[in-house]
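Analysis of the macromolecular model
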Amino acid sequence: MQYTCNDRAIGAVLVDGAQPHGWIDEIDIEGMCKLWRRLGWVMPLLRPIGMAPRMTAEQMAESNIELGEIARERELGP
């Protein structure tokens, strides 16, 4: 089936699959903060071309840490 510019999606299903659960620990949290601090200078350069979100390095680290904490096995349940 070929799509043209006038075709529209009826809906979308977003699935966050294949993410391992329980992947984050205290060492990962420290490393992630360090990584995003190091990458902080390049983020403003990547934003105009759509390669980085409009977030600070600290916000990026916090969001990744929160995702890791939510994905812990004890949080997900059976």
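A quick note: this is a predicted structure, and the numbers were derived from the prediction, not measured.

1. Quick look at the overall build of the chain
- What the chain contains, in helices and strands, is four helices and zero strands.
- When the helices and strands of the chain are placed in sequence order, the string is α-α-α-α.
- Within the chain, the fraction of its 78 residues that count as buried is 18%.
- Taking as baseline every contact in the chain between residues at least 6 positions apart, the subset at least 24 positions apart corresponds to 62%.

2. A few points about helix H1 (residues 26-39)
- The end-to-end C-alpha distance of H1 is 20 Å, a good match for the 20 Å that 14 residues give at a rise of 1.5 Å each.
- Buried within H1 are the following residues: Ile-29, Met-32 and Trp-36. Buried residues in H1, looked at end-on, bunch into an arc of 65 degrees, giving them a common side. Projecting away from the buried face of H1 at angles above 90 degrees are the exposed residues Ile-27, Glu-30, Arg-37 and Arg-38.
- Contact partners of the buried residues in H1: helix H2 (43-46) and helix H3 (57-70).

3. Observations concerning the confidence of the model for the chain
- Scored by pLDDT, the chain comes out at a mean of 78, with 65% of its residues at no less than 70.
- Within the chain, helix H4 (residues 73-76) has the poorest average pLDDT of any element, 67, and H2 the best, 91.

4. Some words on H3
- With 14 residues, H3 extends 20 Å between its outermost C-alpha atoms, agreeing within 8% with the 20 Å of an ideal straight helix rising 1.5 Å per residue.
- Of the residues making up H3, those classed as buried are Ala-57, Met-60, Ala-61, Ile-65 and Gly-68. Looking straight down H3, one finds that the buried residues subtend no more than 130 degrees of arc, so they occupy a single side.
- Those residues of H3 that are buried are in contact with H1 and H2.

5. Some remarks on the nonpolar core
- Membership of the largest hydrophobic core is limited to 10 residues, which are Ile-24, Ile-29, Met-32, Trp-36, Met-43, Ala-52, Ala-57, Met-60, Ala-61 and Ile-65.
- Taken together, the elements giving at least two residues each to this core come down to H1 and H3.
- At four residues, H3 tops the list of elements feeding residues into this core.
- Ala-57 has contacts with Trp-36, Arg-37 and Gly-40, leaving out every residue within four places of it along the chain.

Rules used throughout
Residues numbered from 1 in each chain as written. Predicted model: local features only at pLDDT ≥ 70, side-chain atom pairs only at ≥ 80, totals over all residues. Heavy atoms only, no water. Helix = DSSP H or I, 4+ residues; strand = E, 2+ residues; numbered from the N terminus. Buried < 20%, exposed > 50% of the residue type's maximum accessible area, 1.4 Å probe, protein only. Contact = heavy atoms within 4.5 Å. Expected span 1.5 Å × (residues − 1). Arc of directions from axis to C-beta. pLDDT = per-residue confidence, 0-100. Core = buried A, V, L, I, M, F, W, Y, C linked by side-chain atoms within 4.5 Å.

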